[in-house]
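Results of the structural survey
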Amino acid sequence: MLTWINEKAKWIIVIFAAGIAVGLLAMDRVPNQGHSYPVGVVNDKKISYAEFDSRIKNIVQNQYQGQHLEDEQYTQLRSDVFRSFVRQILLGEQYEKAELQASVAELESEFARNPDAVRSRLVQEAQGRLYAIQQQATSQEDLMQRSQAYIASLPKFLTDSTFNKEDYEAWLKTPEAFKWGVMLQLEEDIKSNTIPVRQLQALVGASVHATSLEANWSVDRRMTDYDVKVAVANGADFAVEDNAVDSVMVAGYFNAHRDSFFVTKDMAKFAYAYLPVEATAGDDARIREYAMTLYYQLTDSSATTSFEDMARISSEDPGSAENGGTLEREAGRGLYVPEFEKAALALDSGAISEPVRSQYGYHLIKSYGKSKDSTGAELAKVGHILLVVNASSETIDSLEAVLNTIKSAVDAGKSFADAAKEQGVESKVSNWLSRGEDIEGMGYLKGLSAYAWPNENLPPEASKVSPVMKSNKWVAIAEKVGDLKAGDRSLDLYFNSIKANLLRGKSAAAAEAYLNSVAEKVKAVNPEDSTTAVEKVSVEAKTTSVDGYVPGFGYSNANFAKAVKNAKVGEWTSAIATENGAVMLKVESKKAPEEEALKAAVKNEVANAGSYVGASLFNDYISNLEAGTPVVNNLDLFYRD
């Protein structure tokens, strides 16, 4: 590996220098974030970059523990953390406004009811203290003495193999309990968040009182069973031509229901051109050359680097690299691609193969010996170093050059489509997208949101076309060709969904007309006798409730509830149009719940409905609070998403 680096050193220096230059150019467009701008502002309260970045790092360290995160994952994480800060500020304002605060009794109760949460934090702090003792110890004897003394000072419930709740609760009442840093942190969190949010939830849901009359109606409706026959004419069998609904009909429906078609968040539409990021023959040759360099180094009798060490450094197979390249399962079982297994089985014990090409890249394989399974088939215990064949920086640069040519042509006055066509590059127009959404089929494109919704504190871009954006599979540029603001009403945004809905309605109407036309035949159908079947109609016997599944209606369908309520037992209804086609219904019998079961269910409903509805109201309350609060989001001043 060192030989290869020496040979390629000048290119590494050039690439590194170019990276620094690009980074500095990018920084020219970014304000002095650390001093001039907060990450966000909510009702004049600022979210500092230091606090935001600290929370991000803690989450990455504690939840992901060294895992590699893709750009898209980081973007989503930052978005989630930003929202958590917004909620924290909004909730804090509500606590203050309603004068909500935790009492001493509530704090004591919270600690007493959550011993596991307390113990886990205490254990973490104790482990940290023991590590510090280890670092400070002057000898093994000093370490043992100090460690044993510290462990002896710990509360008994923490060191006993069996948790004693009485010991724990007694410890909570001593001054020593709150000499622990984690206890002070936990107390602050409970005081400032856990208990106030519970109090606010109770306040929001205070008006929710489920009455026994309401519960009785709801439970009786839910527990009543119906034996029914259902005849279904599926709308798919009556599909109408796409031109049965034209743009005039769609516009008419939109104008008649304008308030149903609000734009809920800022959106944009893009013309975009893209090229696949694929390795070239030259890239393949370069990786093979590097693989051969490793092979010569590993098979050199004077080499000091072992195969296992090289695998840990160089292999791009995360599943085996940390184990020195060793694979858990033997070759010869058909678990690996044929070219890999053939090469692995051909090696003598201790031998290393020349580079072997597979769909995954180039493998250097080392044999650790052969064996045979119970059938006599030969197996080989092996390790490998995998070098993936990716597009090189030179290849990607050439793709970017093509896209930048298109960009220059658009800025010079050509249409986006014509400029792309001149370069032999396909261009398309996206659907409407909001911040954070991906162009269909492209995956995450870093920089799309920052281009479409630039921060007002940044200087405007010189070009109306985006910079080159990248994903693992594509390089792309885009031009924003449409813009919608939250609160607008948009025919274009909803055009396809309106048209699809109107087409379904026409199909359902056709199914309804057909079902009515064959109604007498349907009534004579016996579901168990196929000779009585009616073309394009399925008839099924079913026992269900209004909350259950009914063919043609689906689950918990309001149309079904209305139909069985109005239907006479023993008689067929006329055809009923549904979202899926049309249905005829016959109620054979109706079975009410037993009185004792009904009483028990009503009692449970009264007990639980308040808390359930209260929780639902609280979630709506918080969502509406967020939606109704202007928030300044400066994430794109700090991160190029």
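Residues numbered from 1 in each chain as written. Predicted model: local features only at pLDDT ≥ 70, side-chain atom pairs only at ≥ 80, totals over all residues. Heavy atoms only, no water.

Focus on the overall build of the protein chain
The number of helices and strands found in the protein chain is 25 helices and 17 strands. Against the 2.2 N^0.38 benchmark of 26 Å for 641 residues, the protein chain shows a C-alpha radius of gyration of 34 Å, more extended than a compact globule. Per-residue burial for the protein chain yields a buried fraction of 38% across its 641 residues. Intrachain contacts of the protein chain at a sequence separation of at least 6 include 70% that bridge at least 24 residues. (Helix = DSSP H or I, 4+ residues; strand = E, 2+ residues; numbered from the N terminus. Rg over C-alpha atoms; globule rule 2.2 N^0.38 Å. Buried < 20%, exposed > 50% of the residue type's maximum accessible area, 1.4 Å probe, protein only. Contact = heavy atoms within 4.5 Å.)

So, the packing of aromatic side chains
Applying the stated rule across the entire model yields 23 aromatic pairs. Between Y49 and Y639, the ring centres sit 6.5 Å apart and the planes meet at 35°, which makes this aromatic pair tilted. Pair noted here: Y49 is in helix α4 (residues 49-64) and Y639 is in the segment after α25 (635-638), with a separation of 590 residues, a long-range link. A relative accessible area of 31% places Y49 in the partly exposed class. A residue is classified by how much of its surface remains accessible, and Y639, at 13% relative accessible area, is buried. Taken together, a centroid distance of 5.7 Å and an interplanar angle of 55° make the contact between Y295 and Y296 tilted. (Phe/Tyr/Trp six-rings, centres within 6.5 Å; stacked < 30°, edge-to-face > 60°.)

Quick look at the nonpolar core
Among the nonpolar cores identified, the biggest contains 22 residues, and F111, V118, L122, Y168, W171, W180 and M183 are the most heavily contacted of them. If you list the elements that add at least two residues to this core, you get α6 (104-113), α7 (115-136), α8 (140-153), α9 (156-159), α10 (165-172) and α11 (181-204). Other than its neighbours up to four places away in sequence, F111 contacts V118, Y168, L172, F178, M183, L186, E187 and I190. Counting 21 residues, the second largest nonpolar core, distinct from the first, contains I47, F52, V60 and L625. (Core = buried A, V, L, I, M, F, W, Y, C linked by side-chain atoms within 4.5 Å.)

Notes on the pairing of strand β11 (residues 474-484)
Across 10 bridges, the pairing between strand β4 (residues 267-276) and β11 is antiparallel. Paired with M267 across the two strands is L484, which belongs to β11. Of the pairings in the sheet, the one linking strand β10 (residues 469-470) to β11 comprises 2 bridges and is antiparallel in character. Directly across from M469, in β11, lies its bridge partner A476. In sequence, β10 turns back onto β11 through a hairpin of 3 residues. (Pairing = 2+ DSSP bridges.)

Quick notes on unusual backbone geometry
Phi is positive for D44, close to 70°, though the residue is something other than glycine. Relative to the elements of secondary structure, D44 occurs in the loop between β1 (40-42) and β2 (45-47). At K536, a position not held by glycine, the phi torsion is positive, near 65°. When you line up the elements, K536 lands in the loop between α22 (519-523) and β12 (538-544).

With respect to the sheet that holds strand β5 (residues 356-358)
Read across the open sheet, the 3 strands follow the order β5-β6-β7; overall the sheet is antiparallel. Each edge of the sheet is formed by a strand with only one pairing partner; in this case those strands are β5 and β7 (378-387). This sheet shows a mean twist of 45° between the axes of neighbouring strands, independent of strand direction. Strand contacts of helix α14 (residues 281-299): β5, β6 (361-372) and β7, with the helix running at about 45° to β6, the strand carrying the most contacts. Against the sheet, helix α17 (residues 338-346) engages β5, β6 and β7, with an angle of about 115° to β7. (Axes fitted to C-alpha atoms, helices over the stretch in contact; angles between N-to-C directions.)

Some thoughts on the sheet that holds strand β16 (residues 581-591)
Across the sheet, 4 strands lie side by side as β12-β3-β16-β15; this open sheet has antiparallel pairing. The sheet terminates laterally at β12 and β15 (576-578), the two strands that pair on one side only. Ignoring strand direction, the axes of neighbouring strands in this sheet form an average angle of 35°. Here β15 pairs with β16 via 3 bridges, running antiparallel. Within β16, the residue paired with T578 across the bridge is G581. Of the strands in this sheet, β3 (225-234), β12, β15 and β16 are in contact with helix α23 (residues 558-566), which crosses β16 at around 50°.

Description of α11
The first and last C-alpha atoms of α11 sit 34 Å apart over 24 residues, in line with the 34 Å expected at 1.5 Å per residue. Its maximal kink placed at I190, α11 deviates by approximately 45°. Here α11 has its buried residues at V182, M183, L186, I190, I195, P196, Q199 and L200. (Expected span 1.5 Å × (residues − 1). Bend = angle between axes of the 7 residues up to and from the residue.)

Overview of the confidence of the model for the protein chain
Summary statistics for the protein chain give a mean pLDDT of 88 and a share of 94% for residues scoring 70 or more. Counting interchain partners and residues more than four positions distant, the pLDDT-below-50 stretch residues 1-34 has 28 contacts. (pLDDT = per-residue confidence, 0-100.)

A few points about the environment of R286
Mapped onto the elements, R286 comes out in helix α14. Between the C-alpha atoms of R286 and A417, which are 131 residues apart in sequence, the distance is 35 Å. For R286, the residues in contact, after removing those within four places along its chain, are S392, E394 and T395. Within the local environment of R286, its side chain forms a polar contact with the side chain of S392, the two groups lying 3.1 Å apart. (Polar contact = N/O pair within 3.5 Å; in protein donor to acceptor, adjacent residues only side chain to side chain.)

Notes on the pattern of salt bridges
Here the structure, examined in full by the defined rule, presents 26 salt bridges. Between R83 and E626 there is a salt bridge, and its shortest N-O distance comes to 3.0 Å. In this pair, R83 is assigned in helix α5 (residues 71-98) and E626 in helix α24 (residues 595-627), connecting sequence segments 543 residues apart. Salt-bridge contacts for R357 lead to D284; the nearest nitrogen and oxygen are separated by 2.9 Å. Separated by 73 residues along the polypeptide, R357 in strand β5 and D284 in helix α14 bring together distant segments of the chain. Its relative accessible area of 35% is what places R357 among the partly exposed residues. Given the relative accessible area of 19%, D284 is considered buried. (Salt bridge = Lys/Arg side-chain N within 4 Å of Asp/Glu carboxyl O.)

Points about the side chain of H384
Here H384 shows up in strand β7. Looking at H384, its side chain comes within polar contact range of the side chain of H363, at 3.0 Å. Excluding its chain neighbours within four sequence positions, the residues that come into contact with H384 are F307, A311, S315, D317, S320, G325, L327, F340, H363, L364 and I365.

What about the environment of Q199?
Considering the arrangement of structural elements, one finds Q199 in helix α11. Separated by 166 residues in the primary sequence, Q199 and I365 have C-alpha atoms spaced 63 Å apart.

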